[in-house]
Amino acid sequence: MKHTISILVENRFGVLARVAGLFSARGYNIDSLTVSETQDKTISRMTVVVNAEDEKILEQIKKQLNKLIDIITVVDYTKKEYIERELVFIKIAVDKKSLPVIKKMVDKAGKIGSASGLAVARILDKKNDSIIVELVDDQERIKNFLAGLKDFKVVEVVRSGRIAIAK
Amino acid sequence: MFGYPGGVVLPIFDVLYDSKLKFILTRHEQGAAHAADGYARVTGKVGVCLSTSGPGATNLVTGIANAYMDSIPMVAITGQVKTFLIGNDAFQESDVTGITRSITKHNYLVKDVTELARTIREAFYIASTGRPGPVVIDLPVDVQQAKTEFIWPEKVEIRSYQPTVEGHTGQIKKAAKLLERSSRPVIYVGGGIITSDASPELMTLAKKIQAPVTMTFMGLGSFPMTDPLCLGMLGMHGTAYANHAIMESDLILAVGARFDDRVTGRIDAFAPHAKIVHVDIDPTSISKNIRVDVPIVGDAKKVLSELLRLIKKSPDTSKWLHTIEKWKEDHPLFYKKDDLLRPQYVIEQIYEATKGEAVIATEVGQNQMWACQWYKHGIPRHWISSGGLGTMGFGFPAAIGAQVGAPGKIVFDIAGDGSIQMNIQELATAVNNKLPVKIAILNNGYLGMVRQWQELFYKKRYSSTPLKNPDFVKLAEAYGAKGMRITKKEDVAAAIKEAIATPNVVVMDFVVEPEENVYPMVPAGEALNRMLGGMA
């Protein structure tokens, strides 16, 4: 099961390595990880998404995260009410035939709000042979959108990793 | 402080030259780390070691990992190359904070001298509070040379580090109720009792509820082995009666212990009839290996005091104690009492000669397990042995550190002929600093514990375990220590007496039975009541 874990840490060098080390030491792969400053410059927030192969081991990792000196709080959002988003850039090779179809898809995605609000979907950049689409959405709809592109030539996908906030 | 100089710590050593700080030069950085560890175990204070960068620091690594596994308060200061050279593969550079990240409670790289005082203050605070452990301070040479106004931070405030010391009252009440109703309780204690100085509370509780007490390896000394309620050590080389008691118990009160695999044996067969109350200051230790019915996060001393206050009536355990008495009679610790010089006998004689008041350090392997079994441990902070990491070569430098911390005490290092050679160069440290440690080598000409496993599980194929040893007597003499060789059982007592009376370092080479085994033994991964050997 996927867990979204939000960690408040001291904004110092070395903290990321400590956090990552607890996962890597057990051979756990982190699905996504974001780090940035909070409203308090001395504190950073890490949002870690990890697939727990064994819930007991994840429980142990969370306790050990809490034990690290530089870690202030650890919250697992999985069983809580929260909103999550991810930013995705998609570069797609286009021609005269495919461009209008993709435009339509993007418009449609932008208009239909996700369960917890309006999603962002727009074309950010346009060249003769390619476009860059920006998508800000939840996991399910990002997955669906990418699946909808399977007949087109996707050149590059850049994802920010999830961020989440408790309601 | 124990350590070894080198290029990038020259500024520190220059200050030490005419400082009042007592500095002891070891002959290897590993020795310095273990000596700091031994000092910490015997005094309860933070042990400090110091090394240069690169190989100096990596030589400390085993000692740091050892202290981490056994929750020993230690501050290790390592020199580092100049700040601007870090990451450039400079001479004697290694990424010390990276290397030690997973074997320290915390570590620091100090890049600004104005941060130094606060860092040192924090390091000692973190090392010695909560569940203690080693802290590394990596200190680039240019930071050592930089000048700043000295301001000692009076208070340490770390918002992200506040260990829970008071146990949850509701949980302690639950535990008290369970204890009151229990008919076959066992108190199972570990190093947490020693760390929090909770032996008096443990003693009072055991007497009050008339519950037997078994100790982990790390808990030895917390409850006297001469007490009728004492079951000795449990686990792989524990007593049969301690292991039987665990298997038959209806309530286990675990305090400051972590259900290590050497203690539990096969985990799903451990204590099948018991409810488990687990008191530990480290929340990550609770429910890590074993399901726990009543978890209590807190300091052992505080929680035990509270428990004592809350237990109103004592359970009737007379039948249970009778059963245990019977087990003790039927399955005592046993070795063959003949005319041969057996290693267990040597340890018994050390106990007799020192009246159990010596500080006992050990190496790792058979010597260590016999020292657990045959020395009647009874005083906290008198047992100095590598538990979690099982580090050969720990005992002797740790004994040196212990002797520094307890100058008036008789300090023994019970050693094997294999492990003593892993840090034997520290004979120079002990002799030069007049630290009269007594080394008792139980010389069986083998890496005994590995040989025992080869005998039992690998068809006696003694691969790389027979040892061709140096002459330990001559070796001792070469270092300026006293050397003795004992080959007969009848000479043991007199030799130990002579060693104790000698004001110098003494190396006793006891030439013991070569293929003696440590029994009883629960093979790795078996249930605790599946013991091999050692029955009378």
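Values in this document were obtained by computation on a predicted structure and should not be read as measured data. (Residues numbered from 1 in each chain as written. Chains lettered and ligands numbered in written order. Predicted model: local features only at pLDDT ≥ 70, side-chain atom pairs only at ≥ 80, totals over all residues.)

**Student:** Would you mind going over the overall build of chain B with me for this structure?
**Tutor:** When its secondary structure is counted, chain B shows 20 helices and 18 strands. Taking 2.2 N^0.38 as the reference for a compact globule, 536 residues should give roughly 24 Å; the C-alpha atoms of chain B span a radius of gyration of 24 Å, in line with that estimate. In chain B, which comprises 536 residues, the proportion classed as buried is 55%. Sequence separation of 24 or more characterises 76% of the internal contacts of chain B that already satisfy a separation of 6 or more. (Helix = DSSP H or I, 4+ residues; strand = E, 2+ residues; numbered from the N terminus. Rg over C-alpha atoms; globule rule 2.2 N^0.38 Å. Buried ≥ 20, exposed ≤ 12 C-beta atoms within 10 Å, placed from the backbone. Contact = placed C-beta atoms within 7 Å.)

**Student:** How should I be thinking about the overall build of chain A in this particular structure?
**Tutor:** Counting its regular elements, chain A contains 4 helices and 9 strands. Of the regular secondary structure in chain A, the N- to C-terminal order runs β-α-β-β-α-β-β-α-β-β-α-β-β. Projecting the C-alpha coordinates of chain A onto the three principal axes gives extents of approximately 55 × 35 × 30 Å. Counting all 167 residues of chain A, 23% fall into the buried class. In chain A, 70% of the contacts between residues at least 6 apart in sequence involve partners at least 24 apart.

**Student:** Is there a simple way to explain the sheet that holds strand β1 (residues 2-3) of chain B in this structure?
**Tutor:** Within a sheet, neighbouring strands are paired by backbone hydrogen bonds and run either parallel or antiparallel to one another. Residues and elements named next belong to chain B. The strand order across the open sheet built from 6 strands is β2-β1-β3-β4-β6-β5, with neighbouring strands paired in parallel fashion. Unpaired on one side and paired on the other, β2 (24-25) and β5 (106-109) mark the two borders of the sheet. As paired elements, β1 and strand β3 (residues 47-51) share 2 bridges and run parallel to each other. In the sheet register, Phe 2 faces β3, and the bridge partner there is Cys 49. Here helix α3 (residues 55-69) sits on the sheet and contacts β3, β4 (74-80) and β6 (134-140); the angle it forms with β4, its principal contact strand, is near 165°. (Pairing = 2+ DSSP bridges. Axes fitted to C-alpha atoms, helices over the stretch in contact; angles between N-to-C directions.)

**Student:** Explain the domain arrangement of chain A to me, please; I cannot follow it from the model alone.
**Tutor:** All names here are of chain A. Per the domain assignment, the segments making up chain A are domain 1 (2-79) and domain 2 (85-166). Distance from the C-alpha centre of domain 1 to the C-alpha centre of domain 2: 28 Å. Counting from both sides, the interface comprises 8 residues of domain 1 and, opposite them, 6 residues of domain 2. When residues of the side of domain 1 that touches domain 2 are traced back to their parent elements, those giving at least two are β1 (2-10), β2 (30-37) and β3 (43-51). The dominant element in the side of domain 1 that touches domain 2, judged by the number of residues it contributes, is β2, at 3 residues. When its residues are assigned to classes, the side of domain 1 that touches domain 2 shows 3 nonpolar, 5 polar and no charged. (Domains from an automatic or database assignment. Nonpolar A, V, L, I, M, F, W, Y, C, P; charged D, E, K, R; others polar.)

**Student:** Is there a simple way to think about the sheet that holds strand β7 (residues 185-189) of chain B in this case?
**Tutor:** Residue and element names in this part refer to chain B. Strand order in the open sheet formed by 6 strands is β9-β8-β7-β10-β11-β12, with parallel pairing between adjacent strands. Strand pairing shows two members of the sheet lacking a second neighbour, β9 (230-233) and β12 (294-297), which therefore form its edges. The average angle at which neighbouring strand axes cross in this sheet is 15°, direction not considered. The sheet contact formed by β7 and strand β10 (residues 251-255) spans 5 bridges and is parallel. From the neighbouring strand, Val 189 faces β10, where its bridge partner is Val 255.

**Student:** For this particular structure, what's the right way to read the interface of chain B and chain A?
**Tutor:** A common way to state how big an interface is: give the accessible area lost once the parts meet. Each side of the interface is counted separately: chain B has 12 residues, and chain A has 14 residues. Here the residues of the side of chain B that touches chain A are counted per class, giving 4 nonpolar, 5 polar and 3 charged.

**Student:** It is not clear to me how unusual backbone geometry should be interpreted in this structure. Could you clarify?
**Tutor:** Among all residues save glycine, negative phi is the norm, and among peptide bonds the norm is trans. Residue and element names in this part refer to chain B. The peptide bond linking Tyr 519 to Pro 520 adopts the cis configuration, its omega dihedral lying at -5°. Of note, Pro 520 is situated in the segment after β18 (506-511). The phi angle at Asp 89 is positive, at roughly 55°, despite the residue not being glycine. By the element assignment, Asp 89 lies in the loop between β4 and α4 (96-100). Residue class for Asp 89 comes out exposed when judged on the 8 C-beta atoms lying within 10 Å of it.

**Student:** When you look at helix α20 (residues 492-501) of chain B in this model, what are you seeing that I'm missing?
**Tutor:** Residues spaced three or four apart along an α-helix point in a common direction, a consequence of the helix completing one turn every 3.6 residues. Residues and elements named next belong to chain B. Val 492, Ala 495, Ile 496 and Ala 499 are the residues of α20 that are buried. Angularly, the buried residues of α20 cover 100° about the axis, an arc narrow enough to put them on a single face. In α20, the exposed positions angled more than 90 degrees off the buried face are occupied by Ala 494 and Ala 501. Each element contacted by the buried residues of α20 is listed here: α14 (343-354), β16 (438-443), β17 (482-486) and β18. (Arc of directions from axis to C-beta.)

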